[in-house]
Structure formats: structure tokens, C-alpha cells
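Chain residues, written in single-letter form:
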Amino acid sequence: MKIKSIIEMDNGVKYCASSSIEDTAYEIKLAQQTIYLQVVCLVTDDNNIWNYKNILQTKESGFITTKPVILNVDHIVSIRPANIDLTEGVNDD
């Protein structure tokens, strides 16, 4: 699984999109108020981890997948490109 872009929200959460920065920016441009976006998520026994930093710190404790989220475009602070492969060393039992 690869993180291709990172969407930072005004509350500090950094969502990891599996789509490129160009595709993500295009979706935001078309949106009226909210976008439906597939983001990378770490699923553990206890919860789903969405934030970029927490995914990187705890990626061995669960499995990586994508899940849909709805984001309010008015709360997006920035989008930046990324090319991070999360599959190396991940426990996907």
C-alpha cells in the first residue's frame, strides 16, 4: 500500500490518500463543500488509525487498508505529494 498524497486538516489531522496529489486536488476543486476520499487506514484490534504520524509509528500493530472518509473542503489546510510504501515490514495476518 502506498501513500501518494497527504491532506492536512485545520485540526492537525493528516490523512494519507492513496490517490495522487493531482487526483486529490481535482476532487477538491469539483467539490461543493465535502469530498468523499479513499484514505489509508491502519486497522488494529482496538481501533482505526487515520493520522499519518500514528500510522507510521504503529504500522506493525495492525493491517493497512483504505477506507472512505468525508472531508469538508473548507477545513483542508494543505495537500502535499508523498511516495511512501507502507507494505514493507507490515504484519498483515
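The structure we're discussing is the one just above.
In this text, all values refer to a predicted model and were calculated from it rather than measured experimentally. As a convention, each chain's residues are numbered from 1 in the sequence order in which they are written. Residue-level local features of this predicted model are given only where pLDDT is at least 70; pairs of side-chain atoms are given and counted only at 80 or more, and the full residue set underlies all totals for whole chains, interfaces and linings. In computing side-chain properties, one takes all heavy atoms of the structure into account and sets aside hydrogens as well as water.

Caption draft 1: Quick peek at the environment of Thr87. Each helix corresponds to a stretch of at least 4 residues labelled H or I by DSSP, and each strand to a stretch of at least 2 residues labelled E; elements are numbered beginning at the N terminus. In this structure, Thr87 sits in the segment after β6 (76-85). Of the residues examined, Thr87 reaches a relative accessible area of 44% and is grouped as partly exposed. Distance from Thr87 to Glu60, taken between C-alpha atoms, is 9.8 Å for residues 27 residues apart in sequence. When accessible area is computed with a 1.4 Å probe and restricted to protein chains, residues below 20% of their type maximum are described as buried, those above 50% as exposed, and intermediate ones as partly exposed.

Caption draft 2: Highlighting the environment of Leu86. The topology assignment puts Leu86 in the segment after β6. The exposure class of Leu86 is buried, given its relative accessible area of 0%. For the pair Leu86 and Gln32, spaced 54 residues apart in sequence, the C-alpha separation works out to 32 Å. In this analysis, two residues are considered to be in contact whenever any of their non-hydrogen atoms come within 4.5 Å of each other. Contact partners of Leu86, with chain neighbours within four places excluded, come to Met1, Ile3, Val40, Ile55, Leu56, Lys59 and Ile64.

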